[in-house]
Amino acid sequence: MPITLDQLNRAPLAEAAQMLDGLYEHSPWIAQQALAQRPFVSLAALKHGMVTVLAHASVDAQLALIRAHPELAGKAMVSQTLTAESTNEQTRAGLTNCTPEEFAHIQQLNAHYNAKFGFPFILAVRGPRGTGLAKREIIATFERRLGNPVDFERAECLRHIHRIAEIRLNDKFGFEPVVGNEVWDWHEHLARHSDPEFAERGELTVTYLTDAHRACAADIGARMRECGFDEVKIDAVGNVVGRYHGATPAAKALLTGSHFDTVRNGGKYDGRLGIFVPMACVKRLHAAGQRLPFAIEVVGFAEEEGQRYKATFLGSGALTGHFNPAWLDQQDADGVTMRAAMQHAGLPATLEAIGALTRDPSNYLGFVEVHIEQGPVLNEMDLPLGVVTSINASVRYLCEAIGMASHAGTTPMNRRRDAASAVAELALYAEQRAAADGDSVATIGMLQVPGGSINVVPGRCRFSLDLRAPSNAQRDALERDILAQLRAICERRGIGLTTEETMRAAAAPSAPAWQARWEKAVAALGVPLHRMPSGAGHDAMKLHEVMPQAMLFVRGLNSGISHNPLESTTSDDMELCVNAFSHLLDQLATEHPN
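Only a predicted model underlies this, so the values are computations on that prediction, with no experimental measurement involved. (Residues numbered from 1 in each chain as written. Predicted model: local features only at pLDDT ≥ 70, side-chain atom pairs only at ≥ 80, totals over all residues. Heavy atoms only, no water.)

A count of helices and strands for the chain gives 23 helices and 16 strands. Compactness check: the chain gives a C-alpha radius of gyration of 26 Å against a globular reference of 25 Å for 594 residues, within 12% of the reference. Seen through its principal axes, the chain has C-alpha atoms that stretch 75 × 70 × 45 Å. Summarising the internal contacts of the chain: among those between residues at least 6 apart in sequence, 77% fall at separations of at least 24. On the chain, the mean spot of the 55 positive side-chain charges and the mean spot of the 68 negative ones are 2 Å from each other. (Helix = DSSP H or I, 4+ residues; strand = E, 2+ residues; numbered from the N terminus. Rg over C-alpha atoms; globule rule 2.2 N^0.38 Å. Contact = heavy atoms within 4.5 Å. Lys, Arg positive; Asp, Glu negative; His and termini not counted. Charge placed at Lys NZ, Arg CZ, Asp CG, Glu CD.)

Spelled out as structure tokens, the structure:
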């Protein structure tokens, strides 16, 4: 029979410890010490209680725990001396059924890993959904993590040990994150759409109004209807808009959502999590036949990343009345204008139709957005959720340095007008200047030498600048210094320069009342409250211009990496996020009765 939280809280210490036996490999002391924190208000609180015990343990104790684990497909598996839990996990991952070649490769990886780190490779082989990783995923992860620094890898092993314990604890309590699994599956289903040249390589890329983008919009719309939304449409810029009516026709609405476009070769959760989480909440309300004192409007924003056109926050900007008419004449890399792309997609492509999308803030309570963190903070702290205090200010440029292409062998070093070297010098300065602020960041994410050749001094270099800081004033100072340095470098080197500002977004502090609602929702789940700024830009920045907003972050795996195929999160964390969103809805219903 499954354990209940009440039984665990009431049981004598020895009996309670026996209930939790086997969570941590040959290391019962972690659960035993965690039990001193009883009573636990939720399963999530119990999980974090054990995380806290291990976080405060000595490095020697942590290493002893790691070394208590068997190697994957190692000697213990061959001799059948694994614990019952490990046997189950390695069997479900197919490691007990390796081909001779796979087994030999894993043995070689084990040897290399132990030689470098001095402890066995630890991986939660049941994966982020708890159903098991494929052998190819396990081997690829093994190969990738061999390149990590030792201290980082030790911490990564501990994170995977906690994930293993979480899944084992779910089994003991008979708990399955049913809603989290469903939301996880929705992401997988949507990720089957990708722009053709990327799809051929197994990469995820969805850019504005491509066939893949339109297929995503159709899928999201169909899913909204299945969830019970009363109205679903694709608007004049390609946003997918679903509305679940309130208890009365005149009720105001809560606005929420995020984007479904991606960066090139990106991840499955960036933006999309903020669409699917509120959809899951609406599905729950619809199944219960429940109407709230307000409507819920969920928007899948068509374009946030600015990958096909230089039109960042296009979808959310249209709702705030900030669609730039000049965008319609922009051309993509194939010379297709945005106007033509819209017409091909069956959209009206007129300023009148786009202008009609502007929302009247008086009809809305505010805007909230859920998003994967896109950073390492929550992952390193072993926390599933974080409440956002503010979104950093940012500015972006596309630039070109123009020198003189010349022979690499015959042009003396002091006669060169090397455009790439000028940008390289800027990159080092930008890195140092941003670091001097402590919390500013500066990135040259694109750097290209058109028509470059191994034996030619670069005559041109195109590059991007992405500058961010917690406040507008700090961003502006960073921008001034870096642009001044760029001009000085180019003048000294005899390099021409063009700069084009492509995006500027003001800092967006969370509305205090809305931030407080997220904080109450997180606290109600029994997990620690963590407040944090957002270094990344989000659609909430645009809605902030016309109505109060606040965001909730969800922990990412793999050090929280994002804009990368390794971007991931667990169905358990998704379940917590859906529950937090539902709690926020309950708060609003209490505050705004019929």
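Now, onward.
Attention shifts here to the environment of Glu176. Here Glu176 is to be found in the loop between α10 (150-173) and α11 (178-190). In this structure, the C-alpha to C-alpha distance between Glu176 and Glu575, residues 399 residues apart in sequence, is 9.6 Å. A polar contact is formed between the side chain of Glu176 and the side chain of Asn181, at a distance of 3.2 Å. (Polar contact = N/O pair within 3.5 Å; in protein donor to acceptor, adjacent residues only side chain to side chain.)

A few words on the nonpolar core. If you look at the biggest cluster of nonpolar residues, it comprises 79 residues, and the most contacted ones within it are Met279, Met338, Met342 and Trp518. Residue contacts for Met338: discarding those within four places in its chain leaves Tyr208, Tyr309, Ala311, Leu314, Phe323, Trp327, Leu328 and Gln330. (Core = buried A, V, L, I, M, F, W, Y, C linked by side-chain atoms within 4.5 Å. Buried < 20%, exposed > 50% of the residue type's maximum accessible area, 1.4 Å probe, protein only.)

Here we come to the state of the cysteines. This structure, assessed with the given rule, holds zero disulfides. For the unlinked cysteine Cys227, the closest cysteine sulfur is that of Cys281, found at 10 Å. In this model Cys399 remains outside any disulfide bridge; the closest cysteine sulfur is found in Cys490, 9.1 Å from its own. (Disulfide = S-S within 2.5 Å.)

With that out of the way, let us pick up the pattern of salt bridges. Counting across every chain of the model gives 39 salt bridges. Note that Glu182 is salt-bridged to Lys283, the shortest N-O span being 2.4 Å. Within this pair, whereas Glu182 is found in helix α11, its partner Lys283 is found in helix α14 (residues 273-287), the two being separated by 101 residues in sequence. On the accessibility criterion, Glu182 (24% relative accessible area) is partly exposed. Since its relative accessible area comes to 31%, Lys283 is described here as partly exposed. Three or more residues joined by partner-sharing salt bridges are found here, namely Arg475, Asp476, Glu479, Glu501 and Arg504. (Salt bridge = Lys/Arg side-chain N within 4 Å of Asp/Glu carboxyl O.)

Taking 1.5 Å per residue, 13 residues should reach 18 Å; helix α4 (residues 43-55) reaches 19 Å between its end C-alpha atoms and fits that length. Where burial is concerned, most of α4 is hidden: eleven out of the 13 residues are buried. Looking at the buried side of α4, the elements it contacts are α1 (5-10), α3 (29-34), α5 (59-67), α10, α18 (377-381) and α23 (571-591). (Expected span 1.5 Å × (residues − 1).)

Within this structure, the stated rule accounts for ten aromatic pairs. Summarising the aromatic geometry, the rings of Phe117 and Phe119 are spaced 5.8 Å apart at their centres and angled 25 degrees between planes, so their arrangement reads as stacked. When sorted by exposure, Phe117 lands in the same class as Phe119, which is buried. An angle of 10 degrees between the planes, with centres 3.9 Å apart, marks the rings of Phe121 and Phe142 as stacked. In this pair, Phe121 is assigned in the loop between α8 (100-117) and α9 (135-145) and Phe142 in helix α9, connecting sequence segments 21 residues apart. By the burial criterion, Phe121 is buried, and Phe142 matches it. Among the aromatic side chains, those forming a connected cluster through ring pairs are Tyr113, Phe117, Phe119, Phe121 and Phe142. Looking at Arg159, its charged tip hangs above the ring of Phe152, at a distance of 5.7 Å from the centre. The ring centre of Trp514 lies 4.3 Å from the NZ or CZ of Arg517, which sits over that ring. (Phe/Tyr/Trp six-rings, centres within 6.5 Å; stacked < 30°, edge-to-face > 60°. Lys NZ or Arg CZ within 6 Å of the ring centre and 35° of its normal.)

Looking now at the side chain of Ser582. In this fold, Ser582 is placed in helix α23. Filtering out sequence-adjacent residues up to four positions away, Ser582 remains in contact with Cys281 and Arg284.

If a residue is not glycine, its phi is most likely negative; likewise, a peptide bond is most likely trans. With an omega dihedral of 5 degrees, the bond running from Arg38 to Pro39 counts as a cis peptide bond. Mapped onto the elements of the fold, Pro39 is located in the loop between α3 and α4. A positive phi angle, close to 55 degrees, is found at Asp382, a residue other than glycine. Counting through the fold element by element, Asp382 comes out in the loop between α18 and β6 (385-391). Classification of Asp382 as buried rests on a relative accessible area of 16%. The phi angle at Ser559 is positive, at roughly 65 degrees, despite the residue not being glycine. Residue placement: Ser559 occurs in the loop between β16 (549-554) and α23.

Once that is clear, we can look at α5. If you check which residues of α5 are buried, you get Gln62, Leu63, Leu65 and Ile66. The arc that holds every buried residue of α5, seen down its axis, measures 155 degrees, which confines them to one face. Buried residues in α5 make contact with α3, α4 and α10. (Arc of directions from axis to C-beta.)

What follows covers the side chain of Arg359. Mapped onto the secondary structure, Arg359 falls in the loop between α17 (351-355) and β5 (364-372). Since its relative accessible area comes to 16%, Arg359 is described here as buried. Within the structure, Arg359 has its side chain in polar contact with the backbone oxygen of Leu357 (distance 2.7 Å). Among all residues touching Arg359, those that are not within four sequence positions of it are Val241, Glu297, Leu319 and Tyr364.

Most of strand β2 (residues 240-244) is tucked away, with five of its five residues classed as buried. Here four bridges tie strand β1 (residues 231-234) to β2, and the two strands are oriented antiparallel to one another. Opposite Glu231, over in β2, you have Arg243 as the bridge partner. In this structure, β2 lies alongside strand β4 (residues 295-301), joined through five bridges in antiparallel fashion. Paired with Tyr244 across the two strands is Ile296, which belongs to β4. (Pairing = 2+ DSSP bridges.)

The next subject is the packing of α14 against α23. Put simply, α14 and α23 touch, their axes get as near as 9 Å, and they point 60 degrees apart. Regarding α14 and α23, the two cross each other, and that crossing is right-handed. Residues Leu273, Val277, Pro278, Ala280, Cys281, Arg284 and Leu285 of α14 pack against Met574, Cys577, Val578, Asn579, Phe581, Ser582 and Leu585 of α23. For the contact of α14 with α23, the class distribution of residues is eleven nonpolar, two polar and one charged. (Axes fitted to C-alpha atoms, helices over the stretch in contact; angles between N-to-C directions. Left-handed = near helix turned anticlockwise from the far one by under 90°. Nonpolar A, V, L, I, M, F, W, Y, C, P; charged D, E, K, R; others polar.)

Function cannot be inferred from these measures alone, as they are strictly geometric.
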